[in-house]
Amino acid sequence: MSTSTEAPITDLTAGVEAKQKDVDGFVDLTQHEILALKTRFNLADAHTHQRQSASQEQIVASLPQRWHEAEEGLQSFYEKRFIEAFFRLHQQPGVAELNKTFLSYAASISTMVAAMFLKQRNLSVTLIEPCFDNLVDLLKNMQVEVRPIDESNLHDPVSIYDNLVRNVHTDALFLVDPNNPTGFSLLKDGRTGWEEVIRYCVDHNKVLLIDHCFASFALADEKVGRIPIYDLLESSGVTYFAIEDTGKTWPIQDAKCALITPSNDILDEVYNLHTSVLLNVSPFVLNFVADYIEDSIKDDFASVRDVITENRLLAKQALDGDVLEYIEPAVNVSVAWFRVKPEHLTASELQKHLLENEVYVLPGTYFFWHEPIKGERYIRLALAREPEVFAGAMTAFREVLARNEW
């Protein structure tokens, strides 16, 4: 990783009391993350805030060239280049040739299209819990009926099918894999878990929606990897709507692209909804993000994996103890999930204490979007940070744990 120094802190004037007043009035996790951007040690949002690797610095240096290329080239060329590189990186052969992947500026836009699809068909949906709460917010804002299914129903591949039969009473099933915040993934069992989910959806005529926005971390995790999920989906005949994203992978100042790939039976419908939302993603963004994709193909995800691995180990060493218990993920995603051990201490209370040291973490409350009280037993830390900055955050975090009687 680059050893460039941290950018100067310019917004530390707001006092802890003012911040705490805002914390108490939040309605979702994104509002937490907005405030965390003003905090010295922002461990809230899962966006990438680490510095560039040496090869990525070369991409940054080439941006003027990429800008002028995009001015002169065809939109379709940059779309094709990006999609081909993305699915090649993700080891999904043949998907680019299907010519049915639609691009948008962000995964939230893709999720909005999914919600529009469900609403247009008047379909209800069962959504995994816990998960990032903007998924349920987007669905509910589109007036889609949403019901929860606890992630634990997917943990054992032997019982997945029967658990879905017992717990899914809607027209569609919406899964996040790997899951944010827990790092759980059906990929821990290779193909078996996904085969059972798809078999259930085919047998019971359910639409399957999949959020794969953290899938790059399965690729970067040497013990997991990805399976050819689109081959399974296409060969099964299931009705599916799959979302992928670049936004959580590379440190590119929130320039990103999300991808929607639907099954053939809903292709025209999804296309019409998608074009009602936007025309295209910036060809300049597609041009240089494709360079980051190619860079990760060349370095086998080292620039992504190394910083996450270093910070995860430090977080576990610094915080796993009497107050917090580190929860081992199935996939080493870019967030860490801790259980709050003392029964009298809630995640919200711990967050307030941490703000005294300018450390901002997310309480688990809104991840448990159906039963927020369950989330008071958990906190989430973002790991995609420059290691020196993250180490300072862990020191400040430890000071809070040391000076309080828990």
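Residues numbered from 1 in each chain as written. Predicted model: local features only at pLDDT ≥ 70, side-chain atom pairs only at ≥ 80, totals over all residues. Heavy atoms only, no water.

## Section: the overall build of the chain
For step 1, the next point in the chain: Looking only at helices and strands, one finds 16 helices and 13 strands in the chain.
For step 2, the next point in the chain: For 406 residues, the compact-globule estimate of 2.2 N^0.38 gives 22 Å, and the C-alpha radius of gyration of the chain, at 21 Å, lies within 12% of that figure.
For step 3, the next point in the chain: Reported as C-alpha extents along the three principal axes, the dimensions of the chain are approximately 60 × 55 × 35 Å.
For step 4, the next point in the chain: For the chain, the proportion of contacts with a sequence separation of at least 24, taken over those separated by at least 6, is 75%. (Helix = DSSP H or I, 4+ residues; strand = E, 2+ residues; numbered from the N terminus. Rg over C-alpha atoms; globule rule 2.2 N^0.38 Å. Contact = heavy atoms within 4.5 Å.)

## What about the packing of aromatic side chains?
The geometry of an aromatic ring pair is captured by two quantities: the separation of the ring centres and the angle between the planes.
For step 1, the next point in the chain: For the coordinates displayed, the defined rule picks out 17 aromatic pairs.
For step 2, the next point in the chain: Ring plane angle 70° and centroid distance 6.0 Å describe the contact between phenylalanine 132 and phenylalanine 367, whose orientation is recorded as edge-to-face. Here phenylalanine 367 lies in the loop between strand S12 (362–363) and strand S13 (378–382) and phenylalanine 132 lies in the loop between strand S3 (125–129) and helix H7 (134–141), a separation of 235 residues in the sequence. The same class applies to phenylalanine 132 as to phenylalanine 367, namely buried.
For step 3, the next point in the chain: Ring geometry for phenylalanine 284 versus phenylalanine 288: centroids 5.1 Å apart, planes at 50°, classification tilted. You can see phenylalanine 284 and its partner phenylalanine 288 sitting in helix H13 (residues 283–299), four residues apart, about one turn around the helix.
For step 4, the next point in the chain: On the accessibility criterion, phenylalanine 284 (18% relative accessible area) is buried.
For step 5, the next point in the chain: The buried category is assigned to phenylalanine 288, whose relative accessible area is 7%.
For step 6, the next point in the chain: Among the aromatic residues, those joined into a ring-pair cluster are Phe82, Phe86, Phe87, Tyr230 and Tyr240. (Phe/Tyr/Trp six-rings, centres within 6.5 Å; stacked < 30°, edge-to-face > 60°. Buried < 20%, exposed > 50% of the residue type's maximum accessible area, 1.4 Å probe, protein only.)

## Considerations on the pairing of strand S6 (residues 207–211)
For step 1, the next point in the chain: A large share of S6 lies buried, amounting to five of its five residues.
For step 2, the next point in the chain: Here S6 shows a buried face lined by Val207, Leu209 and Asp211 and a second buried face lined by Leu208 and Ile210.
For step 3, the next point in the chain: Traced from strand S5 (residues 172–176) through helix H9 (residues 192–203) to S6, the parallel crossover comes out right-handed.
For step 4, the next point in the chain: By the bridge criterion, four bridges tie S6 to strand S7 (residues 240–245) in an arrangement that is parallel. Each residue of the ladder has a partner; that of isoleucine 210, found in S7, is alanine 242. (Right-handed = clockwise from strand over helix to strand, strands pointing away. Pairing = 2+ DSSP bridges.)

## Describing the packing of helix H8 (residues 160–167) against H9
For step 1, the next point in the chain: Where H8 meets H9, the axes come as close as 9 Å, and the angle between the chain directions of the two elements is 40°. The angle between H8 and H9 falls in the class oblique. Of the two elements, H8 crosses H9, and the hand of that crossing is right-handed. For the pair H8 and H9, contact is made by Ile160, Tyr161, Leu164 and Val165 and by Gly193, Glu196, Val197, Arg199, Tyr200 and Asp203, respectively.
For step 2, the next point in the chain: A per-class count over the contact of H8 with H9 returns six nonpolar, one polar and three charged. (Axes fitted to C-alpha atoms, helices over the stretch in contact; angles between N-to-C directions. Parallel < 35°, antiparallel > 145°, perpendicular 65-115°, else oblique. Left-handed = near helix turned anticlockwise from the far one by under 90°. Nonpolar A, V, L, I, M, F, W, Y, C, P; charged D, E, K, R; others polar.)

## Side note on the pattern of salt bridges
For step 1, the next point in the chain: Overall, the coordinates contain 20 salt bridges when judged by the stated rule.
For step 2, the next point in the chain: Between glutamate 269 and arginine 121 there is a salt bridge whose closest N-O contact spans 2.9 Å. Here glutamate 269 is found in helix H12 (residues 267–275), whereas its partner arginine 121 is found in the loop between helix H6 (107–120) and S3, with 148 residues between them in sequence.
For step 3, the next point in the chain: Look at glutamate 269 and you get buried, because its relative accessible area is 19%.
For step 4, the next point in the chain: Arginine 121 gets classed as partly exposed once you look at its relative accessible area, which sits at 37%.
For step 5, the next point in the chain: Across the pair arginine 226 and glutamate 244 runs a salt bridge whose closest N-O atoms are separated by 3.2 Å. You can see arginine 226 sitting in the loop between helix H10 (215–220) and helix H11 (229–236) and its partner glutamate 244 sitting in strand S7, a full 18 residues away along the chain.
For step 6, the next point in the chain: The structure contains a network of salt bridges with shared partners spanning Arg66, Glu69, Arg81 and Asp291. (Salt bridge = Lys/Arg side-chain N within 4 Å of Asp/Glu carboxyl O.)

## Some words on unusual backbone geometry
For step 1, the next point in the chain: The peptide bond linking glutamate 129 to proline 130 adopts the cis configuration, its omega dihedral lying at 5°.
For step 2, the next point in the chain: Checked against the element boundaries, proline 130 lands in the loop between S3 and H7.
For step 3, the next point in the chain: A cis amide bond links aspartate 177 to the next residue, proline 178, at an omega of -5°.
For step 4, the next point in the chain: Among the structural elements, proline 178 can be located in the loop between S5 and H9.
For step 5, the next point in the chain: Even without glycine at this site, aspartate 300 takes up a positive phi of about 55°.
For step 6, the next point in the chain: Note on placement: aspartate 300 falls in the loop between H13 and helix H14 (302–319).
For step 7, the next point in the chain: If you check the backbone angles, phenylalanine 301 has positive phi at about 65° while not being a glycine.
For step 8, the next point in the chain: Within the element layout of this structure, phenylalanine 301 appears in the loop between H13 and H14.
For step 9, the next point in the chain: Its relative accessible area of 3% is what places phenylalanine 301 among the buried residues.

## Structural notes on the side chain of aspartate 291
For step 1, the next point in the chain: Its location among the elements puts aspartate 291 in helix H13.
For step 2, the next point in the chain: Relative accessible area serves as the criterion here: at 9%, aspartate 291 is assigned to the buried category.
For step 3, the next point in the chain: Among residues more than four places away in sequence, those in contact with aspartate 291 are Ile59, Ser62, Arg66 and Arg81.

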